[in-house]
Amino acid sequence: MNAMPNTTPASAIVDTFTSLPEVQQCLKELHEHFHAGNPLVVSDVLDASGNQYVNLVQKGGGVLGVALVGYTYVLEQMGIRFLRLAGTSAGAINTALMTAIGSKEEAKSERIIKAMSALDFFSLVDGHPSARWFIRNLIVHKDFTAKLKRRAMIVTGVLVLLVLTDFALLSLEHPYPALRHWTQLCFVLTGFFLVAFGALVFYMGRLLGRLKNAGFGVNPGDTFYDWIKAQFRSNGVLTVSDLRNKAGQEVPGLHIRPGVEHPKGTQGLQGDVTFIASELATGNKIQFPKMCDLFREPDRIDELQPAGFVRASMAIPVFFESYFISNIPSKSPAIRDAWKRTLNVDNPPTTARFVDGGLLSNFPISLFFNPNMLTPRLPTFGINLNGDPQSDTGDTSVWGLAGYIGSMLNTLQGHYDKDFLAQNRAYEKGIGTINLQDFYWLNFFLEPKDKQRMFALGAQAAARFLKEFDWQAYKQEQTAMRKEITR
């Protein structure tokens, strides 16, 4: 299934999101809430145009990432820009586009809307046609598994009935010769069912073999890889060096807010970007592009493809094939030293295998923790996606298989990040949550109206957050927390 060519002007596509009544109402309320007597203050770091700078962490969540764009759109419309960026899975996608597009002082969300609107989400499900059919039905039709189970039971019942009938007719054929034709017909039907069943088993075996050879992923992920690579290329990001330069570009007129004194001024305020992936060969959380020296020597870093970092971060296990980095010079002293120094690994792999970074850190807000900076100059904002269905809470003894597996994955994904937040509660003041319980994170078959609704929910969450955020209280709690750590 390929997307039809989109002839709608880019401005009209963007307007279908930004002109939504809910979005416009958010902006109207924010402009009424913040005025000359009550200005919006979220940071002490500003640029020459008066934009305020924050660090931003975006949580993973499959197609729910559309809501992230709605959230950042409102932040940008209120004059907020982003110095350091980090994200996992869907969060890594929006993070990548925010890094690659334009300069740091520019608003990016409208161009991101255009890029995402041109992408047919179902085209990302680029596996075998049978797998695409199965995934589509499994996600779109809630009773699909029940139907499959019923049909399997019917087929099994018919086969058992035919075999029993064969034996019954065979035993009655001698005293009742007239049954011979019925016996023959029944044996033919049984044979037909057995051949069909054997063909189905053989076909499933072939599919499982393809799944194994493909890195236990239903979909190759090539469509997404090509898309994000094209987005990077169209914005001048062809190499790892290009990505680092884009993320670390200087901001014109970056300064500390007048009237605020800070011992370090703007010293050390440097932009960067981080995508989180889970490396299976050594069982480690990898930060791209920071840890590129694990896979190539310093003078060969640009052999790696930056689009691969985002592809690795969103490699949902089983749904997508793993992402591989091969031909790692594991005997090289520089490589061995990097693995030992960074991850305490003595024997680096020759091939690294990556899956979704959300397995280890789906909301990597700990990346920007700096206990040595007593008073923060800018906050760390986090966008949390709350898309977990609430139907399986309460009596856990009655969970179904989906609820059990889903809750287990949520526990794995959230453990590391929840542990950090439990020990550093001051960071919670910078986190806004988008409630998306009505949406399934793997539903790649979203209608345009669903995308627009998610975008609006993201915008509404950002508006709520900005009204409640208190920069001075955030600074005081962060300072008190860091003093306690130092003590």
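Residues numbered from 1 in each chain as written. Predicted model: local features only at pLDDT ≥ 70, side-chain atom pairs only at ≥ 80, totals over all residues. Heavy atoms only, no water.

S.K.: How would you summarise the overall build of the chain if you had to cite specific residues and measurements?
M.R.: Within the chain, the secondary structure is distributed over 15 helices and 12 strands. Buried positions account for 49% of the 487 residues belonging to the chain. Of all intrachain contacts in the chain linking residues separated by at least 6 positions in sequence, the fraction that spans at least 24 positions is 79%. Total accessible area computed for the chain in this model is approximately 24200 Å², and 58% of it derives from carbon and sulfur atoms. (Helix = DSSP H or I, 4+ residues; strand = E, 2+ residues; numbered from the N terminus. Buried < 20%, exposed > 50% of the residue type's maximum accessible area, 1.4 Å probe, protein only. Contact = heavy atoms within 4.5 Å. Areas by Shrake-Rupley, 256 points an atom, 1.4 Å probe, with all protein chains shown as cover.)

S.K.: I'd like a rundown of the pairing of strand β6 (residues 272–279), residues and numbers included.
M.R.: Within β6, seven of the eight residues are buried, which leaves it mostly tucked inside the rest of the structure. Pairing analysis gives five bridges linking strand β3 (residues 80–88) to β6, with the strands arranged parallel. What sits directly across from Arg-84, in β6, is Asp-272. With five bridges joining them, β6 and strand β7 (residues 284–288) adopt antiparallel strand pairing. What sits directly across from Ile-276, in β7, is Gln-287. (Pairing = 2+ DSSP bridges.)

S.K.: Could you give an account of a nonpolar patch on the surface, with specific residues and numbers?
M.R.: Taken together, the side chains of Trp-182, Leu-185 and Leu-189 present a nonpolar region at the surface, about 320 Å² in accessible area. By the element assignment, Leu-189 lies in helix α8 (residues 180–213). (Patch = residues over 30% accessible without salt bridge, like charges linked within 9 Å, V, L, I, M, F, W, Y side chains within 5 Å. Salt bridge = Lys/Arg side-chain N within 4 Å of Asp/Glu carboxyl O.)

S.K.: How would you sum up the packing of aromatic side chains? Please name residues and give values.
M.R.: Aromatic rings in a pair are described by how distant their centres are and how their planes are angled relative to each other. All chains considered together, the criterion is met by 21 aromatic pairs. On the basis of an interplanar angle of 35 degrees and a centroid distance of 5.8 Å, the ring pair of Phe-288 and Phe-295 is categorised as tilted. In terms of burial, Phe-288 and Phe-295 fall into one category: buried. Seen from their ring centres, Phe-381 and Phe-469 are 5.1 Å apart, and the 80 degrees between their planes marks the pair as edge-to-face. Taken together, the positions of Phe-381 in strand β11 (residues 380–386) and Phe-469 in the loop between α14 (448–468) and α15 (471–486) put the pair 88 residues apart, joining distant regions of the chain. Three or more aromatic residues joined by ring pairs form one cluster here, namely Tyr-225, Phe-288, Phe-295, Phe-309, Tyr-323, Trp-339 and Phe-354. (Phe/Tyr/Trp six-rings, centres within 6.5 Å; stacked < 30°, edge-to-face > 60°.)

S.K.: I'd like a description of the environment of Glu-484, backed by residues and values.
M.R.: Tracing the chain through its elements places Glu-484 in helix α15. When its relative accessible area of 45% is taken as the criterion, Glu-484 is described as partly exposed. For the pair Glu-484 and Pro-371, spaced 113 residues apart in sequence, the C-alpha separation works out to 9.8 Å.

S.K.: Could you give an account of α15, with specific residues and numbers?
M.R.: For α15, built from 16 residues, the straight-helix expectation of 22 Å at 1.5 Å per residue is met to within 8% by its first-to-last C-alpha distance of 22 Å. Buried residues along α15 sit in contact with β11. (Expected span 1.5 Å × (residues − 1).)

S.K.: Explain the side chain of Asn-284 residue by residue, including any values.
M.R.: The residue Asn-284 is located in strand β7 in this model. Polar side-chain contacts of Asn-284 include one of 3.0 Å to the side chain of Thr-282. Each residue touching Asn-284, except ones within four places of it in the same chain, is listed here: Ala-277, Ser-278, Glu-279, Leu-343, Val-345 and Leu-360. (Polar contact = N/O pair within 3.5 Å; in protein donor to acceptor, adjacent residues only side chain to side chain.)

S.K.: Give me the pattern of salt bridges: which residues, what numbers.
M.R.: This model, assessed by the stated rule, comprises 15 salt bridges. Measuring nitrogen to oxygen at the nearest pair gives 3.0 Å for the salt bridge that ties Asp-272 to Arg-84. Taken together, the residues span a long stretch of sequence, with Asp-272 in strand β6 and Arg-84 in strand β3 at a distance of 188 residues. For Asp-272, a relative accessible area of 24% corresponds to the partly exposed category. Across the pair Arg-300 and Glu-297 runs a salt bridge whose closest N-O atoms are separated by 3.3 Å. Classification of Arg-300 as partly exposed rests on a relative accessible area of 27%. Several salt bridges share partner residues, and in doing so they unite Arg-296, Glu-297, Arg-300 and Glu-303 into one network.

S.K.: Tell me about α14, and name the residues and values.
M.R.: Across its 21 residues, α14 extends 31 Å between first and last C-alpha, which sits within 8% of the 30 Å expected from 1.5 Å per residue. For α14, every residue scored as buried is listed here: Lys-451, Met-454, Phe-455, Ala-456, Gly-458, Ala-459, Ala-461, Ala-462, Ala-463, Phe-465 and Leu-466.

S.K.: An account of the side chain of Asn-424 is needed here, citing residue identities and associated values.
M.R.: Examined against the element boundaries, Asn-424 turns out to sit in the loop between α13 (401–423) and β12 (431–435). Of the residues examined, Asn-424 reaches a relative accessible area of 8% and is grouped as buried. Those residues in contact with Asn-424, other than ones at most four positions away along the chain, are Phe-369, Met-481 and Ile-485.

S.K.: Describe the environment of Phe-354, and please don't skip the residues or the numbers.
M.R.: Mapping Phe-354 onto the fold places it in strand β10 (residues 352–356). If sequence neighbours within four positions are ignored, Phe-354 has contacts with Ala-277, Ser-278, Glu-279, Ile-286, Phe-288, Phe-295, Ala-312, Ala-315, Ser-322, Tyr-323 and Ile-325.

S.K.: Residues and numbers for the nonpolar core, please.
M.R.: Counting residues in hydrophobic clusters, the biggest one holds 115 residues, and the most contacted among them are Phe-288, Phe-295, Phe-354 and Leu-466. For this core, the element with the most residues is α14, which contributes nine residues. Val-45, Tyr-53, Leu-269 and Leu-378 belong to the second-largest nonpolar core, a separate cluster that totals seven residues. (Core = buried A, V, L, I, M, F, W, Y, C linked by side-chain atoms within 4.5 Å.)

S.K.: Outline the packing of helix α2 (residues 21–33) against helix α3 (residues 66–77), listing residues and values.
M.R.: Packing of α2 against α3 brings their axes to within 11 Å, and their N-to-C directions diverge by 35 degrees. For the crossing formed where α2 meets α3, the hand is right-handed. Counted together, Val-23, Leu-27 and Leu-30 of α2 and Tyr-73, Val-74 and Gln-77 of α3 form the full contact between these two elements. Of the residues in the contact of α2 with α3, the class split is five nonpolar, one polar and no charged. (Axes fitted to C-alpha atoms, helices over the stretch in contact; angles between N-to-C directions. Left-handed = near helix turned anticlockwise from the far one by under 90°. Nonpolar A, V, L, I, M, F, W, Y, C, P; charged D, E, K, R; others polar.)

S.K.: Lay out the packing of α3 against α14 in plain terms, naming residues and giving numbers.
M.R.: Running from amino to carboxyl end, α3 crosses α14 at an angle of 45 degrees, the nearest separation of the two axes being 7 Å. It follows that α3 is oblique to α14 by the angle criterion. Judged by the twist between their axes, the crossing of α3 over α14 is right-handed. Contacts between α3 and α14 pair Val-66, Ala-67, Val-69, Gly-70, Tyr-71, Tyr-73, Val-74 and Leu-75 from the former with Lys-451, Met-454, Phe-455, Gly-458, Ala-459, Ala-461, Ala-462, Ala-463, Phe-465 and Leu-466 from the latter. (Parallel < 35°, antiparallel > 145°, perpendicular 65-115°, else oblique.)

S.K.: Break down unusual backbone geometry for me, citing the residues and quoting the values.
M.R.: Put simply, Phe-288 and Pro-289 share a cis peptide bond, and its omega is 0 degrees. Structurally, the position occupied by Pro-289 is in the loop between β7 and α11 (306–313). Even without being a glycine, Ser-89 presents a positive backbone phi close to 55 degrees. Inspection of the secondary structure puts Ser-89 in the loop between β3 and α4 (90–100). The backbone of Asn-344 sits at a positive phi, close to 55 degrees, despite the residue not being glycine. Mapped onto the elements of the fold, Asn-344 is located in the loop between α12 (333–343) and β10. Its relative accessible area of 54% is what places Asn-344 among the exposed residues.

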